[in-house]
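Residue-level structure breakdown
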Amino acid sequence: ERALSSGGEPDALNAILGMLPCRAGEFETGIGHLRSAHAPRPSDPSIALNLISALIETGEHGEALAVATPELAQRDTSLRIGRARGFAAQMCGDLAAAAGGFGEVGAAAPAGWQSWNNLGNAHALAGNSDGAIRALGRAVELNPGVAPARLNVPPALRKGRGVGGAR
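Quick caveat: nothing in here was measured; it's all calculated off a predicted structure.

It is worth spelling out the overall build of the protein at this point. Per the secondary structure count, the protein includes 11 helices and 0 strands. In the protein, the succession of helices and strands from N to C terminus is α-α-α-α-α-α-α-α-α-α-α. Seen through its C-alpha atoms, the protein measures out along the principal axes to roughly 70 × 25 × 25 Å. Relative to its 167 residues, the protein shows a buried fraction of 40%. Expressed as a percentage of contacts within the protein between residues at least 6 apart in sequence, the contacts between residues at least 24 apart total 43%. Accessible surface, the protein: about 8,800 Å² in total, of which carbon and sulfur atoms supply 55%. Here the protein contributes 15 positively and 15 negatively charged side chains, and the mean placements of these two sets differ by 12 Å.

Structural data, given as structure tokens:
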């Protein structure tokens, strides 16, 4: 903080001053600094991811989604921004953006069962039973022993067939 008040490089210092309190669970303290670091460097994936993560932790899903732009998610080779974008969108009720975010992560890392499971859940919530069944089936195919994906398949199948039986 002394370096910042003494004219040190504000973007890097705010990024550090934001990250450290967040890692200690002091999100409100860190978010202000992360916002200050992100504003002049909106395309920096490290700063953005720290800000997005802190906003999600504090329930600020709408702001997290605004920071996690599709363009930024596409540039992030770790795919963490895309995953966070999908989660934040789902929490905001923007199921199309959630499916888009999780779908892009699945396309970029097709062996990741978690992304397919998340995509299936987003499709199911949006009422897209066919998309849910396909994505959840892929998750189970990739990791047959994992409980979350296996537990999500039967409700999607029931919903896809309708209450009265087969479509």
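So, next bit.
This part covers the confidence of the model for the protein. Parts of the prediction with low pLDDT should not have their coordinates interpreted in detail. This prediction gives the protein a mean pLDDT of 90; 95% of its residues lie at or above 70. Summarising per-element confidence for the protein, the mean pLDDT is lowest in helix H11 (residues 147–161) (77) and highest in helix H5 (residues 61–67) (98). This stretch, residues 163–167, has a pLDDT under 50; its non-local contacts, to residues over four places away or in other chains, come to 4 contacts.

Turning our attention to the pattern of salt bridges. Under the defined criterion, the tally for this structure stands at 2 salt bridges. Arg35 is the salt-bridge partner of Glu63, the closest N and O atoms lying 2.7 Å from each other. Here the residue Glu63 occupies a position in helix H5, and Arg35 occupies one in helix H3 (residues 27–38), the gap between them amounting to 28 residues. We note a salt bridge from Arg138 to Glu141, for which the minimum N-O separation is 2.6 Å.

Conventions adopted
Residues numbered from 1 in each chain as written. Predicted model: local features only at pLDDT ≥ 70, side-chain atom pairs only at ≥ 80, totals over all residues. Heavy atoms only, no water. Helix = DSSP H or I, 4+ residues; strand = E, 2+ residues; numbered from the N terminus. Buried < 20%, exposed > 50% of the residue type's maximum accessible area, 1.4 Å probe, protein only. Contact = heavy atoms within 4.5 Å. Areas by Shrake-Rupley, 256 points an atom, 1.4 Å probe, with all protein chains shown as cover. Lys, Arg positive; Asp, Glu negative; His and termini not counted. Charge placed at Lys NZ, Arg CZ, Asp CG, Glu CD. pLDDT = per-residue confidence, 0-100. Salt bridge = Lys/Arg side-chain N within 4 Å of Asp/Glu carboxyl O.

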